[in-house]
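# Residue-level structure breakdown
One-letter residues, chain by chain:
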Amino acid sequence: MLRRQAAPPPQNSPRRSLWAVYKSVEPRHRVLLGMAFMGFSMLGLWVSDKLEELLPPPAESRVTQPQVIVLKEGTDTSQGVPQLLSNIAACLAVCDTIRTTLGPRGMDKLIVDSQGRVTISNDGATIMKLLDVVQPAARTLVDIARAQDAEVGDGTTSVVLLAGELLKEVREHIEEGVGPQVIIKGLRRAAELAIGRIRELAVSVDRSDRAEFRALLEKCAATSMNSKLIGSQKEFFTKIVVDAVTRLDQDELNEDMIGIKKIPGGAMQDSLLVDGVAFKKSFSYAGFEQQPKAFDAPRIVCLNVELELKAEKDNAEVRVDKVSEYQAVVDAEWKIIFDKLDAILAAGANVVLSRLPIGDLATQYFADRNVFCAGRVSKDDLDRVCEATGCRVQSTTTGLAAAHLGTCERFEERQVGGQRFNIFRGCPQAKTCTIILRGGAEQFIDEVERSLHDSIMVVRRAVKNQSVVAGGGAIEMELSRYLREAARQIEGKQQLVIAAAARALEVIPRQLCENAGFDTTDFITQLRARHAQDPERAKWHGVDIAEEVVADMFAKFVWEPALVKINAIASAVEAACLILSVDETVTTQKSQDPMAAGQPMRR
């Protein structure tokens, strides 16, 4: 068979480029060729990824990235909506603790601290202070209770409950994705509307009519005592509280000028109000029995000087060569103290008080010269005596003159219960008074003192502001109705927030009913209906605990200073906004350094 040989390529034909060769290929073959290249590329990428996973790179090709440590090892961080909901749950747990103490039928709490001290109280600020709250966000409620107690003295339980109820009502909006800043803006707007409404409704009393003004103060004091341990004796203590506040300087109204002294024993009705300064005689040396116990128009000196012969301090050394030199040292010591005593007597003082001890030598010296003395007087009592009598505490007897002495109408030392009390009456420089409390148990007297402090602060605020509102949940129900109507005029998500604030205000009358054992649903329904049907005539309708009905609390003389409600709403809203604005909690681990923990280092 003959085979045809291919003709050899021409020797002088030009060389074609790769692109020209590719273009000379048929289109169908070009598509197949492109798909083959793409398949090989994808296969190569897949193989390279697998090889990188299986084979680590060589050591010299590794790039070391520095590790950035921001927080200390062991630091716990929580953030986001779950952390916000956790903070709200912690605050609600704290609110549940004091919820049952609200109102005249509120229960007491018995708290035992780490040192075994027992406290029985239904005062919100006292309970919150004694609770060892460890959750950071929940401590905010402790702070607002203390602030409410320091500012107005009452409404501490209400402010905590109101803050907790606000958080409870807005929790569902947070779970649905509403931004915390939107809620905060709505709560602050609701607070502005509520506070403005309180100022519109507050009733002012003219101080020119003294009888009417005193009746106002007595009603405010009685309302604050309704929920306290002394509620059964509020008629007796109301007079004491109002008399104590009216005896103060009406321009300053310094509550520190009202002293409260506690003497176990006797009954509550044995308590008395002293028009002046009274304090317990804490310590006496031999010779005090011979001193006079009463003076008319005494000359009083207050000292910060020790009138006592003291032994030499440790490691003190006196070198003498003769016995006469030692006697000179002893005579100099006696001369120093006698010079002090003579200077006091030369100034004309016949009542000597000192923060430091007055020894038996000085006590006998004053007794022989018909001068009364008392040492180791507490700083608070000595300051009150100085403010009341016009004298000043002297740190030395050098240059002591009659101008440094104070006076009062009468001084006497008398027995009250099992204690000796020094009493200064008719003090001209500053108006002051002292309440002496009696009672069976020490815990009982402590609770009476806390109750009287709250009533004194309420009466003091009523004197300064002269505007009151009705209690018994009446003002809260009126504010709830007002906020509901205002929310209908507002567009957007803030309408929901203001409506939630309106529902939260109902926690006060609702809790009053629950603690009293009433049908909460029935009472709240009646209050809503009356406030909605006739807002003008029913604006003061609240829960009458005594008669177990819905009644006009202003006509029942259940009054509270408007400042108590204004401060409670403002503090509760600010606390709720503060908790809602926190989206992350960072808890650092306690230091393990024994020196940093305040513990001695082990050896």
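As annotated in an unreviewed UniProt entry, the protein is T-complex protein 1 subunit eta from Coemansia javaensis. Its UniProt record gives the protein the following Subcellular location (unreviewed entry) comment, quoted word for word: "Cytoplasm". Recorded in UniProt for the protein, the comment headed Sequence similarities (unreviewed entry) runs: "Belongs to the TCP-1 chaperonin family."

Let's shift gears to the overall build of the protein. Helix and strand counts for the protein stand at 18 helices and 20 strands. Looking at the 603 residues of the protein, the share that counts as buried comes to 44%. In the structure as shown, the protein presents an accessible area of about 33200 Å², 52% of it carried by carbon and sulfur atoms.

Scored by pLDDT, the protein comes out at a mean of 82, with 88% of its residues at no less than 70. Across residues 591-603 the pLDDT falls below 50, and counting only partners more than four positions away or on other chains, this stretch makes six contacts in the model.

Taken as a whole and assessed by the stated rule, the structure comprises 36 salt bridges. For Glu560, the salt bridge goes to Lys565, with nearest N and O atoms at 3.5 Å. In this pair, the class of Glu560 matches that of Lys565, namely buried. When salt bridges that share partners are traced, they join Arg197, Glu200, Glu478, Arg481 and Glu485 into one network.

For helix 8 (residues 210-225), spanning 16 residues, the distance from its first C-alpha to its last is 22 Å, which sits close to the expected 22 Å at 1.5 Å a residue. By the burial criterion, the buried members of helix 8 are Phe213, Leu216, Leu217, Cys220, Ala221, Ala222, Thr223, Ser224 and Met225. In the core, the buried residues of helix 8 are packed alongside helix 9 (234-246), helix 13 (442-465), strand 16 (467-470) and strand 19 (559-561).

What follows deals with the packing of helix 5 (residues 139-151) against helix 6 (residues 156-175). Each packed pair of helices is defined by two parameters, the angle between the axes and the distance between the axes. Packing of helix 5 against helix 6 brings their axes to within 8 Å, and their N-to-C directions diverge by 145°. Every pair of crossing elements has a handedness; the one defined by helix 5 and helix 6 is right-handed. Residues Leu141, Ile144, Ala145, Gln148 and Asp149 of helix 5 form the contact with helix 6, whose own contacting residues are Thr156, Val159, Val160 and Ala163. Tallied by class, the residues present in the contact of helix 5 with helix 6 amount to six nonpolar, two polar and one charged.

Taken together, the side chains of Asp249, Asp251, Glu252 and Glu387 define an acidic patch exposed on the protein surface. Among the structural elements, Asp251 can be located in the loop between helix 9 and strand 5 (258-264). Look at Asp251 and you get exposed, because its relative accessible area is 71%.

If you look at the biggest cluster of nonpolar residues, it comprises 113 residues, and the most contacted ones within it are Leu141, Leu187, Phe237, Leu452, Ile569 and Leu580. Sorting elements by how many residues they give to this core places helix 18 (residues 562-580) first, with 11 residues. Those residues in contact with Leu141 that sit more than four places away from it in its chain are Cys91, Val94, Cys95, Met128, Val160 and Ala163. In terms of nonpolar packing, the next biggest core, distinct from the first, is built from 19 residues, Val277, Ala388, Phe411 and Cys427 among them.

Each value, and the rule that gives it
- Residues numbered from 1 in each chain as written.
- Predicted model: local features only at pLDDT ≥ 70, side-chain atom pairs only at ≥ 80, totals over all residues.
- Heavy atoms only, no water.
- UniProt positions renumbered as here; feature names shortened; annotations may be inferred.
- Helix = DSSP H or I, 4+ residues; strand = E, 2+ residues; numbered from the N terminus.
- Buried < 20%, exposed > 50% of the residue type's maximum accessible area, 1.4 Å probe, protein only.
- Areas by Shrake-Rupley, 256 points an atom, 1.4 Å probe, with all protein chains shown as cover.
- pLDDT = per-residue confidence, 0-100.
- Contact = heavy atoms within 4.5 Å.
- Salt bridge = Lys/Arg side-chain N within 4 Å of Asp/Glu carboxyl O.
- Expected span 1.5 Å × (residues − 1).
- Axes fitted to C-alpha atoms, helices over the stretch in contact; angles between N-to-C directions.
- Left-handed = near helix turned anticlockwise from the far one by under 90°.
- Nonpolar A, V, L, I, M, F, W, Y, C, P; charged D, E, K, R; others polar.
- Patch = residues over 30% accessible without salt bridge, like charges linked within 9 Å, V, L, I, M, F, W, Y side chains within 5 Å.
- Lys, Arg positive; Asp, Glu negative; His and termini not counted.
- Charge placed at Lys NZ, Arg CZ, Asp CG, Glu CD.
- Core = buried A, V, L, I, M, F, W, Y, C linked by side-chain atoms within 4.5 Å.

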